[in-house]
Amino acid sequence: MKQYETFELRFQGEALTENYANIPLDATFTCDGKTTAVKGFYDGDGQYVARFFPEQAGEYHWAVSGCIAAEGNESCEEAAEDAHGLVKAVDTHFEFEDGKLYIPFGTTVYALAHQDDDLTEQTLATLKTAPFNKLRMCVFPKDYDYNHNEPPCYAFEKKANGSWDVSRPCIAFWQRFETILDRITAMGIQVDLILFHPYDRWGFDTLSQRENLVYLDYLLRRLAAKPGIWWSLANEYDLSRGKSLADWEEIEEFVAAHDPYGHLLSCHNCICFWDASRPNITHASLQVKGLSAVPRWLERYGKPVMIDECCYEGDLPHFWGSISAREMVNRFWRSCAGGGYCTHGETFLDDREVLWWAKGGVLKGKSPRRIAFLREIMESLPGPLQPAEGGMIQLMQMSDSEVQEVLKPLPEAERSIASEIVKSARRMDACDREILLSGEHEYASHCDEEAYLWFNDLQCLGIQTLQLPKDKQYRVECIDTWEMTRLLVADKASGTTTIRLPVKEGLAVLATRIQSETHHSCKIFYPPGIFCPGDKRSWSAIQRL
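1. Digging into the nonpolar core
Ranked by internal contacts, the top residues of the largest apolar core, which has 143 residues, are Leu193, Leu195 and Trp231. In terms of residues, this core owes the most to one element, helix H3 (residues 209–223), which gives eight residues. Core analysis: the next-biggest nonpolar cluster, separate from the first, contains 17 residues, Ala444, Leu487, Ala490 and Leu507 among them.

2. Describing unusual backbone geometry
Located in the positive-phi region is aspartate 91, a residue other than glycine, with phi close to 55°. Among the secondary structure elements, aspartate 91 is positioned in the loop between strand S8 (87–90) and strand S9 (93–96).

3. Side note on the packing of aromatic side chains
We describe a pair of aromatic rings using the distance from one ring centre to the other and the angle between the two ring planes. By the definition in use, this model includes 43 aromatic pairs. Their ring planes at 80° and their centres at 5.4 Å tell us that phenylalanine 196 and tyrosine 215 sit as a pair that is edge-to-face. Remark: tyrosine 215 occurs in helix H3 and phenylalanine 196 occurs in strand S15 (residues 190–196); sequence separation between them is 19 residues. We classify phenylalanine 196 as buried; its relative accessible area is 1%. Ring geometry for tyrosine 312 against tryptophan 320: centres 6.0 Å apart, planes inclined by 90°, an arrangement best described as edge-to-face. The same class applies to tyrosine 312 as to tryptophan 320, namely buried. Cation over ring: lysine 158 sits above tryptophan 164, and NZ or CZ is 4.8 Å from the ring centre. The side chain of arginine 370 reaches across the aromatic face of tryptophan 482, ending 3.8 Å from its centre.

4. A look at the side chain of aspartate 308
Within the secondary structure layout, aspartate 308 lies in strand S19 (residues 305–309). At 2.8 Å, the side chain of aspartate 308 and the side chain of lysine 134 are in polar contact. The contacts of aspartate 308, once residues within four sequence positions are left out, are Thr108, Lys134, Arg136, Asp192, His268, Ser285, Leu286 and Thr343.

5. Considerations on the pairing of strand S27 (residues 473–480)
Regular strands place side chains that alternate from one sheet face to the opposite one. The buried fraction of S27 is high, at seven of eight residues. Across eight bridges, the pairing between S27 and strand S30 (residues 507–514) is antiparallel. For glutamine 473, the partnering residue across the bridge sits in S30 and is isoleucine 514. Where S27 meets strand S28 (residues 485–493), six bridges bridge the pair, whose relative direction is antiparallel. Paired with tyrosine 474 across the two strands is alanine 493, which belongs to S28. In this structure, the hairpin formed by S27 and S28 is closed by a connection of four residues, where methionine 484 is found at a positive phi of approximately 65°.

Parameters at a glance
Residues numbered from 1 in each chain as written. Predicted model: local features only at pLDDT ≥ 70, side-chain atom pairs only at ≥ 80, totals over all residues. Heavy atoms only, no water. Core = buried A, V, L, I, M, F, W, Y, C linked by side-chain atoms within 4.5 Å. Buried < 20%, exposed > 50% of the residue type's maximum accessible area, 1.4 Å probe, protein only. Helix = DSSP H or I, 4+ residues; strand = E, 2+ residues; numbered from the N terminus. Phe/Tyr/Trp six-rings, centres within 6.5 Å; stacked < 30°, edge-to-face > 60°. Lys NZ or Arg CZ within 6 Å of the ring centre and 35° of its normal. Polar contact = N/O pair within 3.5 Å; in protein donor to acceptor, adjacent residues only side chain to side chain. Contact = heavy atoms within 4.5 Å. Pairing = 2+ DSSP bridges.

Next up, the structure:
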């Protein structure tokens, strides 16, 4: 037994052919006075299994009861260097159990596990070198445009009348499915496992609620002890034909109550957001295109915000599957610079109907390389990003005296204009104001006073003025998010700092604190084609500074 790794007890018993989804098999694991109770499952051929996820090292006593009776002791070793435990939501960001920061960069392959072995292997090989550390995929197969194949096997056996018998899980399906999950998580990729979805021609979306809970019980018995898995109640829960809102709330409660370890739990929408403020929900999982509201959702929920569907890079005759690579990259930057996280998808037409977003295969788009570049930057920061304070939305929520205090550092003329802007915005209809402000949004965030990030998006600034702490010094870089370059534009900067930028869209500015507090004068570096007045040196000479 090792900390943060699945431990399994396996016993030989009577071979079962009927009603083996929810067998009476219970186990307890006790260490230092703390006991965790789990339920075991039947794995075919007379195999009875109880799994446990040890979250602390030490000496354990275990006991199994029910259709198998046994007990014993096990020493749990300290975690391996690359084992960090489950990912948890901490405030508005994610961390592993050992405190290591986790920054999700997701992709989507809904029906990965429902393809033939050759295509599955190709997809796994692609993931191994892709920049993604999170993957959205489904338990059930998908029926939709470009998704017309039959899967190799299904989650349940069938009754004589052809309907699904949830009391008899298909062991071959679950063993194959687990193998795929294990291979993905072994790459360091978190699996955001989608438990239900509405794109169905087989009858999985219209199971009775009793059948839904039998299925979930078996799934949780098998998979809850595995790290690297999140529970997504549904993809587009609000399009389900077979479940009421009360059904979904019961499903949410059931999953939370039957998971002994508290995996991440969310529910993804098509139109109406699932209420991420509900206690069981660990983070918001949103389908949305307008990303200027990420700071508002962070404030509303007090939890991480995942933009799990923001359209896909591709060339489909659908608005959701035909954005450019550049726009996909921009949406990642907008999400991250707003304090949130984003998920990729790819939908290029293919004669064989092998599109990454559903079936996998190989990545064809130009965004993954740029997403990798962003991930490298994000993971180099000293902590999670939080949205910048003091924007128009925050001003709307302040009293008049608070607004004046915030505006106080501005010159009198600017302060007067800003005050009138606030007054005017307050008179607007709330819906009109939200639409207006979404177009006035500045994508800016910070890690306390250690780093500041601005994503200028479609703005083509030649000069940008940064407000940095006066008592600290910063290294300021201009980042070209498409060309994937980082250029030093100011060194040892502090306080009000004006920098020159290339006049182009898709630029970001990153100011990272210099730890040495020794005072030096600020040096400004000028991007290509922009020089100090009177500076006769070539750009290459300036670049070498």
